[in-house]
Amino acid sequence: MNDNKMFCFQCQETAKGTGCTLRGVCGKTPETAKMQDLLLSVARGVGTVCHYLEKSGNMCPSCQCSAEEFIVDALFSTITNANFDNDSLRLKVKNGIELKKTMIEKAKSAFVSLPNFAEILWTGDESDFEAEAERQGVLRNENPDQRSLKELTVLGLKGIAAYYEHAARLRKKSPEIISFMCKALCTIANPDAGAEELLDTVMETGKFAVDAMALLDTANTIAFGNPEITKVKIGVGKNPGILISGHDLSDLRQLLEQTEGTGIDVYTHSEMLPAHYYPQLKKYSHLVGNYGNAWWKQKEEFSSFNGPIIFTTNCIVPPMENANYKDRVFTTNSTGYPGWKHIAEGKDGKKDFSEVIELAKKCKAPTEIETGEITGGFAHAQVFALADKIVEAVKSGAIRKFVVMSGCDGRMPARNYYTEFAKALPKDTVILTSGCAKYKYNKLNLGDIGGIPRVLDAGQCNDSYSWAVVALKLKEIFGANDINDLPICFNIAWYEQKAVAVLLALLWLGIKNIHIGPTLPGFVSEGVLKVLVEKFGLGTISTVEEDIKAFIG
Ligand code: SF4
Ligand code: SF3
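Residues numbered from 1 in each chain as written. Chains lettered and ligands numbered in written order. Predicted model: local features only at pLDDT ≥ 70, side-chain atom pairs only at ≥ 80, totals over all residues. Heavy atoms only, no water.

## Overview of the sheet that holds strand E4 (residues 287–290)
Defined as follows: Strands were regarded as paired on the criterion that DSSP finds at least two bridges between them. Strands here are runs of E lasting at least two residues and helices are runs of H or I lasting at least four, both read from the DSSP assignment and numbered beginning at the N terminus. Only the stretch in contact is used when a helix axis is fitted, and all axes are lines through C-alpha atoms; the angle between N-to-C directions ranges over 0 to 180 degrees. Residue contacts follow a heavy-atom distance rule, with two residues in contact if any of their heavy atoms lie within 4.5 Å.
Sheet architecture is open: six strands sit in the order E4-E3-E2-E5-E6-E7, paired in parallel fashion. Two strands lie at the open edges of the sheet, namely E4 and strand E7 (341–343), each paired on one side alone. The sheet shows a mean angle of 30° between the axes of neighbouring strands, direction not considered. Across three bridges, strand E6 (residues 329–332) lies against E7 in parallel orientation. Residue pairing for E7: Phe330 is matched across the bridge by Lys341. The sheet strands contacting helix H11 (residues 298–305) are strand E2 (241–245), strand E3 (265–268) and strand E5 (309–311), and the helix crosses E2 at an angle near 155°.

Below, the structure written as structure tokens:
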């Protein structure tokens, strides 16, 4: 690892755009980074054994219960801003090592010979954790293009794992997705994997990202109904509240059930905002509104919320030493932070939020930081319900172009570009959004076109799937030969690895000339960038004026 204390380049805020080497810009310490590197290495080992067992007919993907759970959780726990808790990560590593040993024994007794990858050979001695983490970090691949393709795959897998975990919690699973994850982890573990095989794996990751988003879409709509146009309050009431952040709608439902009739109000935060659009969640009258903005403003907003906060997924920002909310934050699922109480799933698959509720009862009501309403709920079913109106507006020229601005928000000042871009877009354009990127422009009141709002929010980042479904439907309606002939352009803001999965999904669907920003990923090497530019016309952003000219004409 040279003089580096760590190496991580998986998110958009990576130091100097090339890699965090001393400490993460996100707050990740070298110890946490190493434990995550080790966890990923063990996941590659488990995935490789699974893949070999399956190939030899000794295991079907649907019976890999504990392997499936381990792989999905390992990938999700290493997503940016998900888990900063070394003890919890160490425990995951140890469980993975035990699992790998059991599976290797199974392979031996079935006479399945395993490849001699380092991930298989390592015995998992605890005194060797640190050294193995250093050997197995991102920089283990010396060839920059090979490293880049492997990282593109694993970062896409992290996004898939996140979406898969939510779907699985709602009892929707897919042996095919798990089987692919194992195969891809095996390819990444293979030191001799060639460029072509790696590029194919990257593209296949896009295919399975589409499948994972479709799976989650089905799971969500079966459980909670189809999102519908909804106005969400952004002010506060007089009751004490619980703030729930992240993406896990199943956790929110359990919290709403357990808080019903207690006099506690529930508020959504950041990526939980779209929960309000679902009929089976908005029916709870004590789901009163959304508090605050995207993840990166949480230090100030948690402080003024006054009540307990639950993180169901990323994005956690490490609190200041003297933060007044430090003792009222809880985590669930793959998330963790040292000193914060983790609420695990019970044997019945349920979580007990009683401690959070008791704490809320002793807290003051939230301090109001803004007032008014925001509108959302434009996932595919709602958009299809408005299809006639939308098609008519396109045909008449009232709508000139749709601009997909899905993705993530972040704290870099360069991201003000997205606010300015949204403001500068001509009045005959409509923004299609999803993910926390929307907080850059969802309170601007950009007006409507004949009753169609100029900002259509489909939901969380995984709901970017809706825009793919809508684009395919428009292609059919307009009889276009190619999806790229439609009046749609893509200006995506990325931050963490779910956005990487979404980008790979869009590439897999054949969408060209996507612009990503505010900067290009540090994990894309010059060689790989050249391929992405030549094959897909991938680009980044420039100035608002130049981009409006280039995208809209
Ligand atoms: Fe740096 Fe991002 Fe990795 Fe954090 S997640 S260490 S900010 S690259
Ligand atoms: Fe946001 Fe973290 Fe990506 Fe799910 S909450 S979009 S950044």
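## Regarding the pairing of E2
Stated precisely, the cut-off is as follows: We call a residue buried when its accessible area falls under 20% of the maximum for its residue type, exposed when it is over 50%, and partly exposed in between, using a 1.4 Å probe and counting protein chains only. When the strands point away from the viewer, a crossover counts as right-handed if the path from the first strand over the helix to the second runs clockwise.
Counted residue by residue, E2 has five buried out of five residues, so it is predominantly covered. The side-chain alternation of E2 yields two buried faces, one formed by Gly241, Leu243 and Ser245 and the other by Ile242 and Ile244. Here E2 runs beside E3; their pairing, made up of four bridges, is parallel. Residue Gly241 lies in a different strand from E3, and its bridge partner there is Asp265. Between the parallel pair E2 and E3, the chain is carried across by helix H9 (residues 249–259), and the sense of this crossover is right-handed. Relative to E5, E2 is paired through three bridges, and the arrangement is parallel. Among the inter-strand pairings, Ser245 is bridged to a residue of E5, identified as Phe311.

## So, the packing of helix H8 (residues 195–224) against H9
Formally: Any angle that falls under 35 degrees is termed roughly parallel, while one over 145 is termed roughly antiparallel, one within 65 to 115 roughly perpendicular, and all others oblique. The handedness criterion is simple: a crossing whose near helix is rotated anticlockwise from the far helix by less than a right angle is left-handed, and one whose near helix is rotated clockwise is right-handed.
Their axes nearest at 11 Å, the elements H8 and H9 cross at an angle of 20°. Considered as vectors, H8 and H9 are oriented roughly parallel to each other. The interaxial crossing formed by H8 with H9 has left-handed handedness. Mapping the contact onto sequence places Asn220, Ala223 and Phe224 in H8 and Leu249, Ser250 and Arg253 in H9.

## Some thoughts on the site of ligand 2
The line we're drawing: Nearness is judged by heavy atoms alone; a residue qualifies as near a molecule or strand once a single heavy atom is within 4 Å of it. Polar here means any residue outside two lists: the nonpolar Ala, Val, Leu, Ile, Met, Phe, Trp, Tyr, Cys and Pro, and the charged Asp, Glu, Lys and Arg; Gly therefore counts as polar.
Every residue close to ligand 2 is listed here: His247, Glu271, Trp295, Cys315, Gly407, Cys408, Cys436, Cys461, Tyr495 and Glu496. A per-class count over the shell around ligand 2 returns six nonpolar, two polar and two charged.

## Observations regarding unusual backbone geometry
What you tend to see is this: most non-glycine residues have negative phi, and most peptide bonds are trans. A cis geometry characterises the amide bond from Asn314 onward to Cys315, with omega recorded as 20°. The backbone of Asn81 sits at a positive phi, close to 65°, despite the residue not being glycine. Even without a glycine there, the phi angle at Asn306 is positive, about 75°. Relative to the assigned elements, Asn306 resides in the loop between H11 and E5.

## Quick look at the sheet that holds strand E13 (residues 455–457)
Here five strands make up an open sheet; going across it, the order is E13-E10-E9-E14-E15 and the pairing parallel. Bordering the open sheet on either side are E13 and strand E15 (515–517), each of which pairs with just one other strand. Strand after strand, the sheet turns through a mean of 20° between neighbouring axes, direction not considered. Here strand E9 (residues 401–404) runs beside strand E14 (residues 488–493); their pairing, made up of three bridges, is parallel. Bridge pairing in E14 places Val404 opposite Phe490. Docked against the sheet, helix H15 (residues 416–424) engages E9, strand E10 (429–433), E14 and E15, running at close to 155° with respect to E14.

## A word on the site of ligand 1
By nearness alone, every residue bordering ligand 1 is listed as Met6, Cys8, Phe9, Gln10, Cys11, Thr14, Cys20, Gly24, Val25, Cys26, Lys28 and Thr80. Within the shell around ligand 1, the residues separate by chemical class into seven nonpolar, four polar and one charged.

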